[in-house]
Amino acid sequence: MNNDFRDLYQEEILEHSNHPRNFRTIEGASVSTEGLNALCGDQMTLDVQFDGDVIQDIAFRGIGCAISKASSSLMTTAVKGKTKAEALTLFEQVHTMLTVGPSADVHPEDLGKLAVLSGLWEYPMRIKCATLGWYTLRDALESPPQEGKR
Ligand code: ZN
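Cut-off values and rules
- Residues numbered from 1 in each chain as written.
- Predicted model: local features only at pLDDT ≥ 70, side-chain atom pairs only at ≥ 80, totals over all residues.
- Heavy atoms only, no water.
- Donors = N, O, S within 2.8 Å, 3.2 Å for Na, K, Ca; no water.
- Helix = DSSP H or I, 4+ residues; strand = E, 2+ residues; numbered from the N terminus.
- Buried < 20%, exposed > 50% of the residue type's maximum accessible area, 1.4 Å probe, protein only.
- Polar contact = N/O pair within 3.5 Å; in protein donor to acceptor, adjacent residues only side chain to side chain.
- Contact = heavy atoms within 4.5 Å.
- Phe/Tyr/Trp six-rings, centres within 6.5 Å; stacked < 30°, edge-to-face > 60°.
- Lys NZ or Arg CZ within 6 Å of the ring centre and 35° of its normal.
- Salt bridge = Lys/Arg side-chain N within 4 Å of Asp/Glu carboxyl O.

Caption draft 1: Here's a closer look at the coordination of the zinc ion. Donor atoms from the polypeptide that bind the zinc ion are C40 (SG), D42 (OD), D42 (OD), C65 (SG) and C129 (SG), placed at 2.2 to 2.7 Å. Written as a sequence motif, the donor residues of the zinc ion are C-x1-D-x22-C-x63-C. One end of the pair, C40, is in the loop between β1 (31-37) and β2 (42-51); the other, C65, is in the loop between β3 (54-63) and α2 (66-79), with 25 residues separating them in the sequence. You can call C65 buried: its relative accessible area is 17%.

Have a look at this one:
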């Protein structure tokens, strides 16, 4: 990755951590899941509102470092409007990008805005920060809806 890209990606990550998207609560959400990264002290709650199989709305809240916040912010914008299956595919792709790195069969340029996360692969100490929101999303996708809601 050349330096211009690296700077651009860092700027984008900082921007998302300073102004996280979908940083709020969804009252009466279909599913709420919690994520914890004890290594860094990141804690989050994720609310998802499903319309059938589609993620109609998604929001997160909690405390965390810049990377966990930025990654969760990017995650919510990427999966809103997608089906559960599409979101799970995206989880797999991002997880591979973050844990296996450039040798992987995942091309960051195919992932739109999420490409900015690709540089984090070089910081193994921060991988749990970067993946926290995504694991919390996977939990939500695999949770049965709460009683009386869809
Ligand atoms: Zn963190």
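Caption draft 2: Region of the structure containing the side chain of S73. Relative to the assigned elements, S73 resides in helix α2. According to the relative accessible area criterion, S73 is buried, its value standing at 0%. In this structure the side chain of S73 is engaged in a polar contact, spanning 2.7 Å, whose partner is the side chain of H16. Look past the residues within four positions of S73 in its chain and what remains in contact with it is H16, P20, R21 and F60.

Caption draft 3: How the structure looks around the packing of aromatic side chains. All told, the structure shown has two aromatic pairs when counted by the stated rule. Taken together, a centroid distance of 5.1 Å and an interplanar angle of 80 degrees make the contact between F23 and F60 edge-to-face. Taken together, the residues F23 in the loop between α1 (3-18) and β1 and F60 in strand β3 connect sequence positions 37 residues apart. Take F60: its relative accessible area is 3%, and that puts it in the buried class. The ring of F50 is capped by K84, whose NZ or CZ atom sits 4.6 Å from the centre of that ring.

Caption draft 4: Seen up close, the pattern of salt bridges. Scanning the entire structure with this criterion turns up five salt bridges. A salt bridge links E12 to K113; the shortest N-O distance between them is 3.3 Å. Pair noted here: E12 is in helix α1 and K113 is in the loop between α3 (84-99) and α4 (127-142), with a separation of 101 residues, a long-range link. For E12, a relative accessible area of 22% puts it in the partly exposed group. Residue K80 pairs with D57 through a salt bridge whose shortest N-O separation is 3.4 Å. In this pair, K80 is assigned in the loop between α2 and α3 and D57 in strand β3, connecting sequence segments 23 residues apart. When salt bridges that share partners are traced, they join R24, D57 and K80 into one network.

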